[in-house]
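For reference, the chains in residue letters:
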Amino acid sequence: MNTFYEQNDPDDISDADKNKFVNEFEIEHGLFTWYDHENEINLLRKYNGGDSHIVIPEGIDAIGADVFCGCENLTGIEFPKSLKTIGDRAFLGCKNLKEILLPDDLETIWYDAFSGCESLTGIAVPNSVRAICNNAFAGCENLTDIKLSDNLSAVWEGVFYGCTNIQTIVIPKNVKLISDGAFCGCESLKSIEIPAGLETIGDYAFLGCKSLKKIIIPENVEIGYKAFEDTLVVKV
């Protein structure tokens, strides 16, 4: 399914794709939306404002790629209950965004969605979420409080890369894969709970977790290259 919020370049749309949408229109305060008839999605397309606090209205199903990318004035945002998808780089570089409350029916957080949100301190991912894509929270340097969805099957590549203040995390019971570099550079990480059903820890998964001394790993888990390099773990 070629959904608009997955495209790398939001301006690179063919004439055929454009015909799937009604004309872009402003709903309020610099928020612009399109309706995708083919996929029946109300898509938040772009933002042309500089507010510190934004309320996204009910009825929006997806936040498109790059919508709030680089909005350094943004400190808080309220999501609608209708939201199902947060697109690629949607909040990348929102360095002053301090708090978010993800809605209960959210399903997917795409690539780099909150990467570089340096002021974000906590995140609770509802159990409706089944995928958090690569680098979604990378570089969130002040992130300390994390609760992940119980329905994740993987912690994907670089999801918490460079989150230097995370001290503890519980990996949900259904996770089979901790992917490459997932916690690379989390230098304050001291404690991590691994589920019994884990199958794979990827390359560099915990590289540079300088405070990590002990980790209990189930038998027969495949451990990738330098997964625990530059940690205090002496035996895996």
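If you're wondering where the values come from, they're calculated on a predicted model, not measured in any experiment. (Residues numbered from 1 in each chain as written. Predicted model: local features only at pLDDT ≥ 70, side-chain atom pairs only at ≥ 80, totals over all residues. Heavy atoms only, no water.)

Visitor: Outline the sheet that holds strand β8 (residues 99-101), supporting the account with residue identities and numerical values.
Guide: The sheet built from three strands is open, its strands ordered β4-β6-β8 with parallel pairing. Of all strands in the sheet, those with a lone pairing partner are β4 (53-55) and β8, marking the two edges. Adjacent strand axes in the sheet meet at a mean angle of 10 degrees when their direction is disregarded. Pairing between β4 and strand β6 (residues 76-78): three bridges, direction parallel. Directly across from Val55, in β6, lies its bridge partner Glu78. (Pairing = 2+ DSSP bridges. Helix = DSSP H or I, 4+ residues; strand = E, 2+ residues; numbered from the N terminus. Axes fitted to C-alpha atoms, helices over the stretch in contact; angles between N-to-C directions.)

Visitor: Tell me about the nonpolar core, and name the residues and values.
Guide: Residues Phe68, Phe91, Phe114, Phe137, Phe160, Phe183 and Phe206 are the most contacted members of the largest nonpolar core, which totals 65 residues. The residues contacting Phe137, other than those within four sequence positions of it, are Ile109, Phe114, Ser115, Leu120, Ile123, Ile132, Leu143, Val159, Phe160 and Cys163. (Core = buried A, V, L, I, M, F, W, Y, C linked by side-chain atoms within 4.5 Å. Buried < 20%, exposed > 50% of the residue type's maximum accessible area, 1.4 Å probe, protein only. Contact = heavy atoms within 4.5 Å.)

Visitor: Give a description of the pairing of strand β3 (residues 41-47) that names residues and reports values.
Guide: The buried fraction of β3 is high, at five of seven residues. In terms of strand pairing, strand β2 (residues 31-36) meets β3 through six bridges, oriented antiparallel. In the strand pairing of β3, Phe32 is matched with Lys46. Hairpin connection from β2 to β3: four residues lie between these consecutive antiparallel strands, with Glu40 at a positive phi of about 55 degrees.

Visitor: Can you lay out the sheet that holds strand β13 (residues 154-155) for me, pointing to particular residues and giving the numbers?
Guide: Pairing is parallel across the open sheet formed by four strands, whose spatial order is β13-β15-β17-β18. Both edges of this open sheet fall to β13 and β18 (222-223), since each of them pairs with a single strand only.

Visitor: I'd like to hear about the pattern of salt bridges, residue by residue, with values.
Guide: By the definition in use, this model includes three salt bridges. Between Asp66 and Arg89 there is a salt bridge, with the nearest N and O atoms lying 2.7 Å from each other. On the criterion of sequence distance, the pair formed by Asp66 in the loop between β5 (62-63) and β6 and Arg89 in the loop between β7 (85-86) and β8 is long-range, its members being 23 residues apart. On the accessibility criterion, Arg89 (19% relative accessible area) is buried. Across the pair Lys147 and Asp150 runs a salt bridge, and its minimum N-O distance is 3.9 Å. (Salt bridge = Lys/Arg side-chain N within 4 Å of Asp/Glu carboxyl O.)

Visitor: Help me get a handle on the packing of aromatic side chains, residues and values and all.
Guide: Enumeration over the complete set of coordinates arrives at eleven aromatic pairs. Both rings, one in Phe68 and one in Phe91, keep their centres 5.0 Å apart while their planes meet at 10 degrees; by these two values the pair is stacked. One end of the pair, Phe68, is in the loop between β5 and β6; the other, Phe91, is in the loop between β7 and β8, and 23 residues separate them in sequence. Each ring, one from Phe79 and one from Phe91, has its centre 5.9 Å from the other, and the planes form 90 degrees; the classification is edge-to-face. Here Phe79 is found in the loop between β6 and β7, whereas its partner Phe91 is found in the loop between β7 and β8, with twelve residues between them in sequence. Both residues of the pair, Phe79 and Phe91, belong to the buried class. The rings of Tyr47, Phe68, Phe79, Phe91, Phe114, Phe137, Phe160, Phe183, Phe206 and Phe228 are connected pair by pair, giving a single aromatic cluster. If you follow Lys46 out to its NZ or CZ, it ends over the ring of Phe32, 5.1 Å from the centre. (Phe/Tyr/Trp six-rings, centres within 6.5 Å; stacked < 30°, edge-to-face > 60°. Lys NZ or Arg CZ within 6 Å of the ring centre and 35° of its normal.)

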